[in-house]
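Observations on chain architecture
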Amino acid sequence: MKKHKKKEIIIFCGAPADIQYTLHLYEKNVNKADISIFCINVQGMYQFLSSLNLILKQLVFIPYTYGVSIKNPIKVVRERIRLKSLYNRYFFGVKAADIYFFSCLYDWVVYSFLERLIEKNKLLYIDVYNYLSLNNSFMIKRSWILIKLNLVMLKYISKADIKWFFIEGRREALKFNIDKKNITIIDRPLLNNELYSKYSYSIESNTENNLLLFECNESDIINYKRKITDIVIDLKNNGFLIYLKPHPRISNTSSLEKIVDYIIPEYIPGEFINPAIFTVILGVSTVALAKFAKNGFLNCYSLLKLFEYKNEKTGEQMRKYLIDQSDGKINFIDDLVKLKLK
């Protein structure tokens, strides 16, 4: 009797916040499908998923090539060849598979693979960042000629159907033209606490007043390094033990490393840190804050209002983003006095 072939599922994990949705898909399908996960650009995602001993067909890390520019045509050609070679190595011959991805903005490496995979497979886009609700806003300071040349270059490299999407308060972003393709769009799923508990990173402590700080070098904020250093010193002077969680891709502000008490490995996704020992959880714009707020951690605050953004609209966008991702439960603190121990 011929053995029934399992369904094949491929998941493109392009950002640390994608990991929770990747594991959600894994849990739903592990017993009925052959699952492959491709971690793009952030090696820490691959490191964390490797530590979980998941039952996978493949777990692959694909880095970006940095420095690709129209000023270096040889590197442009090499990148086109690299992407084609990666496709042939991992995806050639893939048919009738379900292909999941979580972002229609920024990730032209993934879009290069999707453009080729769409012909014989089912593409499913999970809009976890609500990118489909964003509107084009044409506030561009860079040369239109340079923007158009970069798009021509990236189309040549990726062979993907992409265009520029202009987000107010930020630089332009590449957009995969999913509205012109046969792609199934799925709303952001509700994730249960059992998922986080199963894969959580726990910290032991016999002390009280532990504070978890999600931190990265916020380049959009004026005098960020000085201000975040002052905040951390103030918190320590008021009795908190500071656990610093660096960003998996951007890392952290180096000046804080000698001030904080503990540094959590940067490859651990913030969403999967067990909050049991913490009195307070802080950050500026990291989406991990939204997860803890949404799940009922009351002393979870964004420090966003304590900083001045180089572009006010960027700060407002980040505020709205955190509100959306937390289902309106995120708290914003505007006075350091409120962070002091009662």
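Residues numbered from 1 in each chain as written. Predicted model: local features only at pLDDT ≥ 70, side-chain atom pairs only at ≥ 80, totals over all residues. Heavy atoms only, no water.

Details of the pairing of strand S1 (residues 7–13)
Successive residues of a regular strand alternate their side chains across the two faces of the sheet. Applicable threshold: Three labels apply to residues, based on accessible area from a 1.4 Å probe with only protein chains included: buried if under 20% of the type maximum, exposed if over 50%, partly exposed otherwise in between. The helix and strand labels rest on DSSP assignments: H or I over at least four residues marks a helix, E over at least two residues marks a strand, and numbering proceeds from the N terminus. Between any two strands, pairing holds if DSSP finds at least two bridges. Look down the strands so they point away from you; if going from the first strand over the helix to the second traces a clockwise path, that crossover is right-handed.
In terms of residue burial, S1 counts as a mostly covered element, since six of its seven residues are buried. By the bridge criterion, seven bridges tie S1 to strand S2 (residues 33–40) in an arrangement that is parallel. The partner of Glu 8 across the bridge, within S2, is Asp 34. Taking the sense of rotation as the criterion, the β-α-β connection linking S1, helix H1 (residues 19–29) and S2 turns out right-handed. Strand direction decides the pairing type here: S1 and strand S4 (residues 98–101), joined by three bridges, are parallel. Across the sheet, residue Ile 11 finds its bridge partner in S4, namely Tyr 100.

Side note on the environment of Ile 62
Applicable threshold: We call two residues in contact when some of their heavy atoms are within 4.5 Å.
Among the secondary structure elements, Ile 62 is positioned in strand S3 (residues 58–62). Once the C-alpha coordinates of Ile 62 and Leu 212 are considered, the two residues, 150 residues apart in sequence, prove to be 30 Å apart. Each residue touching Ile 62, except ones within four places of it in the same chain, is listed here: Phe 38, Cys 39, Ile 40, Asn 41, Arg 82, Leu 86, Val 109 and Phe 113.

Side note on the sheet that holds strand S5 (residues 122–126)
What counts, and what does not: Comment: axis = line fitted to C-alpha atoms, over the contacting stretch for helices; angle = value between 0 and 180 degrees taken between N-to-C directions.
Read across the open sheet, the six strands follow the order S3-S2-S1-S4-S5-S8; overall the sheet is parallel. Taken across any chain shown, the strands that pair with only one partner, and hence form the sheet edges, are S3 and strand S8 (183–186). Across the sheet, the mean angle from the axis of one strand to that of its neighbour is 20°, orientation sign disregarded. For S5 and S8, the ladder comprises four bridges, and the chain directions are parallel.

Some details on the pattern of salt bridges
Convention followed: Any Lys or Arg side-chain nitrogen found within 4 Å of a carboxyl oxygen on Asp or Glu counts as a salt bridge.
Summed over the entire model, instances satisfying the criterion amount to 11 salt bridges. For Glu 27, the salt bridge goes to Lys 198, with nearest N and O atoms at 3.0 Å. Highlighted residues: Glu 27 in helix H1 and Lys 198 in helix H6 (residues 193–198), separated in sequence by 171 residues. On the basis of relative accessible area, Lys 198 is assigned to the exposed category, the value being 53%. The residue Asp 161 makes a salt bridge to Lys 181 at a minimum N-O spacing of 3.5 Å. You can see Asp 161 sitting in the loop between helix H5 (144–158) and strand S6 (162–165) and its partner Lys 181 sitting in the loop between strand S7 (173–176) and S8, a full 20 residues away along the chain. What makes Asp 161 partly exposed here is its relative accessible area of 24%. One network of salt bridges, in which partners are shared, links Glu 115, Asp 161 and Lys 181.

Quick look at the packing of aromatic side chains
Rules: Put simply, two rings from Phe, Tyr or Trp (the six-membered ring, in Trp's case) pair if the centres are within 6.5 Å, and we call them stacked under 30 degrees between planes, edge-to-face over 60, tilted for the rest. To sit over a ring, a charge needs its Lys NZ or Arg CZ within 6 Å of the ring centre and within 35 degrees of the ring normal.
Summed over the entire model, instances satisfying the criterion amount to 23 aromatic pairs. When the ring of Tyr 64 is compared with that of Tyr 66, the centres are 6.1 Å apart and the planes differ by 40°; the resulting orientation is tilted. With a relative accessible area of 18%, Tyr 64 lands in the buried category. What makes Tyr 66 exposed here is its relative accessible area of 55%. A centroid spacing of 4.5 Å and a plane angle of 20° characterise the contact between Tyr 243 and Tyr 262, whose relative ring orientation is stacked. Of this pair, Tyr 243 sits in strand S10 (residues 241–246) while Tyr 262 sits in strand S11 (residues 262–263), and the two are 19 residues apart along the sequence. Put simply, the rings of Phe 12, Phe 38, Tyr 87, Tyr 90, Phe 91 and Phe 113 pair up and form one aromatic cluster. Residue placement shows Arg 80 over the ring face of Tyr 156; its charged tip is 4.3 Å from the ring centre. Directly above the ring of Tyr 196 sits Lys 291, whose terminal nitrogen or CZ lies 4.2 Å from the centroid.

As for helix H3 (residues 73–90)
We count it as follows: Expected span of a helix, by definition, is 1.5 Å for each gap between consecutive residues, and there is one gap fewer than residues. Taken from the helix axis, the directions to the C-beta atoms give the arc we talk about.
Spanning 18 residues, H3 covers 26 Å between terminal C-alpha atoms, matching the ideal 26 Å at 1.5 Å per step. Val 76, Glu 79, Leu 83, Leu 86, Tyr 87 and Tyr 90 are the residues of H3 that are buried. Buried residues of H3, viewed axially, fall in a sector of 100°; they line one side. Away from the buried face of H3 by more than 90 degrees, exposed residues Pro 73, Ile 74, Arg 78, Ile 81, Lys 84 and Arg 89 are located.

Notes on H5
The terminal C-alpha atoms of H5, which comprises 15 residues, lie 21 Å apart, in line with the 21 Å expected from a rise of 1.5 Å per residue. In the core, the buried residues of H5 are packed alongside H3, helix H4 (108–117), S6 and S7. A positive phi of about 60° marks Lys 159, the residue just after H5.

These results come straight from atomic positions and should not be treated as a statement about function.
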